[in-house]
Amino acid sequence: MQELSKREYWADLYDAAQVVPIDKRSCVHRALRSYADVFLWDHLIPSALPAKPGLKVVELGSAPGANLVRFHQRYGCDVYGIEYTESGVAQNRALFAAHALDPAHVVHADIFDPELSTRYAGFFDVVFSFGLIEHFSDPQPAVERHMCLLKPGGTLILVIPNLRGIHHFLTVLFNRPLLALHNLPLMQRAAFQQLCSLSGTRSLYCGYYGVFTPDVHNTPPHSVKRHLLRCVKVACLPLQWLLRALRQYGRWESSMFSPYLVFLG
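Reference entry: report on the structure contained in this document. (Residues numbered from 1 in each chain as written. Predicted model: local features only at pLDDT ≥ 70, side-chain atom pairs only at ≥ 80, totals over all residues. Heavy atoms only, no water.)

**Re the side chain of Thr213**
So, step 1. Turning to its location among the elements, Thr213 is positioned in the loop between β6 (205-209) and α10 (225-246).
So, step 2. Filtering out sequence-adjacent residues up to four positions away, Thr213 remains in contact with Ser34, His167, Gln240 and Pro259. (Helix = DSSP H or I, 4+ residues; strand = E, 2+ residues; numbered from the N terminus. Contact = heavy atoms within 4.5 Å.)

**Structural notes on helix α3 (residues 35-48)**
Because each turn of an α-helix spans 3.6 residues, side chains separated by three or four positions in sequence point in the same direction.
So, step 1. Compared with an ideal rise of 1.5 Å per residue, which puts 14 residues at 20 Å, α3 spans 19 Å between its outermost C-alpha atoms and is within 8% of the ideal.
So, step 2. Taken as a whole, α3 carries its principal kink of about 25° at Trp41.
So, step 3. In terms of burial, α3 is a largely internal element, ten of the 14 residues being buried.
So, step 4. Regarding α3, the residues found buried are Tyr35, Ala36, Asp37, Val38, Phe39, Leu40, Trp41, Leu44, Ile45 and Ala48.
So, step 5. Where α3 is buried, its residues meet α4 (66-75), β4 (124-130), β5 (150-161), β6, α10 and β7 (260-264). (Expected span 1.5 Å × (residues − 1). Bend = angle between axes of the 7 residues up to and from the residue. Buried < 20%, exposed > 50% of the residue type's maximum accessible area, 1.4 Å probe, protein only.)

**Notes on a nonpolar patch on the surface**
So, step 1. A surface patch of nonpolar side chains, about 280 Å² in accessible area, is lined by Phe169, Leu173 and Leu228.
So, step 2. With respect to the element layout, Leu228 can be found in helix α10. (Patch = residues over 30% accessible without salt bridge, like charges linked within 9 Å, V, L, I, M, F, W, Y side chains within 5 Å. Areas by Shrake-Rupley, 256 points an atom, 1.4 Å probe, with all protein chains shown as cover. Salt bridge = Lys/Arg side-chain N within 4 Å of Asp/Glu carboxyl O.)

**Description of the sheet that holds β4**
So, step 1. With respect to topology, seven strands assemble into an open sheet ordered β3-β2-β1-β4-β5-β7-β6, the strand pairing being mixed. The open sheet has two edge strands with one neighbour each: β3 (106-108) and β6. Each strand of the sheet is rotated relative to its neighbour by a mean of 15°, with strand direction disregarded.
So, step 2. Along the sheet, helix α5 (residues 86-98) makes contact with β2 (78-83) and β3, crossing β3 at roughly 165°. (Pairing = 2+ DSSP bridges. Axes fitted to C-alpha atoms, helices over the stretch in contact; angles between N-to-C directions.)

**What to know about the environment of Cys206**
So, step 1. Note on placement: Cys206 falls in strand β6.
So, step 2. Residue class for Cys206 comes out buried when judged on its relative accessible area of 6%.
So, step 3. Counting along the chain gives 17 residues from Cys206 to Arg189, while the straight-line C-alpha distance between them is 7.6 Å.
So, step 4. If sequence neighbours within four positions are ignored, Cys206 has contacts with Arg189, Phe192, Gln193, Val262 and Phe263.

**Remarks on unusual backbone geometry**
So, step 1. Pro64 follows Ala63 through a cis peptide bond whose omega is 5°.
So, step 2. Within the secondary structure, Pro64 is located in the loop between β1 (56-60) and α4.
So, step 3. With a phi angle near 65°, His222 is a residue other than glycine that sits in the positive phi range.

**Quick word on the nonpolar core**
So, step 1. With 67 residues, the main nonpolar core has Phe71, Ile133, Ile157, Phe192 and Tyr209 as its most contacted residues.
So, step 2. If you tally residues by element for this core, the top one is α3, at nine residues.
So, step 3. In contact with Ile157, other than residues within four places in its own chain, are Ile45, Phe71, Val126, Val127, Phe128, Ser129, Val262, Phe263 and Leu264.
So, step 4. With five residues, the next largest nonpolar core counts Leu170, Phe212, Leu229 and Cys236 among its residues. (Core = buried A, V, L, I, M, F, W, Y, C linked by side-chain atoms within 4.5 Å.)

**Details of the packing of aromatic side chains**
So, step 1. The final tally for this structure, using the stated rule, is 19 aromatic pairs.
So, step 2. Taking 6.4 Å as the distance between ring centres and 80° as the angle between the ring planes, the aromatic pair formed by Phe39 and Tyr209 counts as edge-to-face. Linking Phe39 in helix α3 with Tyr209 in strand β6, this pair joins segments that are 170 residues apart in sequence.
So, step 3. Here Tyr209 falls in the buried class, since its relative accessible area comes to 1%.
So, step 4. Between the aromatic rings of Phe112 and Phe136, the centroid separation amounts to 5.7 Å while the plane-to-plane angle is 80°, which identifies the pairing as edge-to-face. (Phe/Tyr/Trp six-rings, centres within 6.5 Å; stacked < 30°, edge-to-face > 60°.)

**Thoughts on the pattern of salt bridges**
So, step 1. If you walk through the whole model with that rule in mind, you get six salt bridges.
So, step 2. The salt bridge involving Asp37 is made with Arg70; its shortest N-O contact spans 2.8 Å. Residue Asp37 is found in helix α3, and its partner Arg70 is found in helix α4; the two are separated by 33 residues along the sequence. With respect to class, Asp37 is no different from Arg70; both count as buried.

**Observations concerning α5**
So, step 1. Taking 1.5 Å as the rise per residue, α5 with 13 residues should run 18 Å; its terminal C-alpha atoms sit 18 Å apart, in good agreement.
So, step 2. Here α5 has its buried residues at Ser87, Gly88, Val89, Gln91, Asn92, Leu95 and Phe96.

In structure tokens form, the structure reads like this:
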């Protein structure tokens, strides 16, 4: 198994990032949400969560921690993070502290650390990752680490980007080196579903979600292309508003235009 993205890459990324508290009541935040974001957080995830309070949720590769804050704010979950870079752990803990969450719930460890698997085996109701398993040439061992931490009857949520179709062209345009950090063959529904079917979970949903949005893209630091990307994101807002207004979630998804794939099991 080859790790396609190195620890130094993520450490530098989190060193340069700023901790920005998340205000779930912000009108601006609600207005800027993409159709994909609404589909995932308002429809797909709630449909898969067990109906009981105080669920223990862990994200693998958790920095900067924004996903976990959202789990806590939206669903009242008891959230934990596992992160292997020092800068990512520091940022995640700072964000937790800003939202009155316990910074000690951010664990500094590699997901393949045997001690981690022993300490938290079968501990969590929900095990989640967003943009993790596609950074391995063979993602199966990473999926197995997710399953090791999951309680019997718990929920597994895996999200990966779709850097194929139109998003392959945009990645080449805005940040071509990122392609080498991702397992592109995994970003096909059949391959993703085959991988997840080996996890031993019952599939609730496996497929693409979202319609064209440049939110999945970024540029190298200080690149002049960041201004072009910002313009593209603003230009796409009317499309996102229209799709949200139609409320026909799951109807528009495709391998060509959807920016993400998700497995819920």
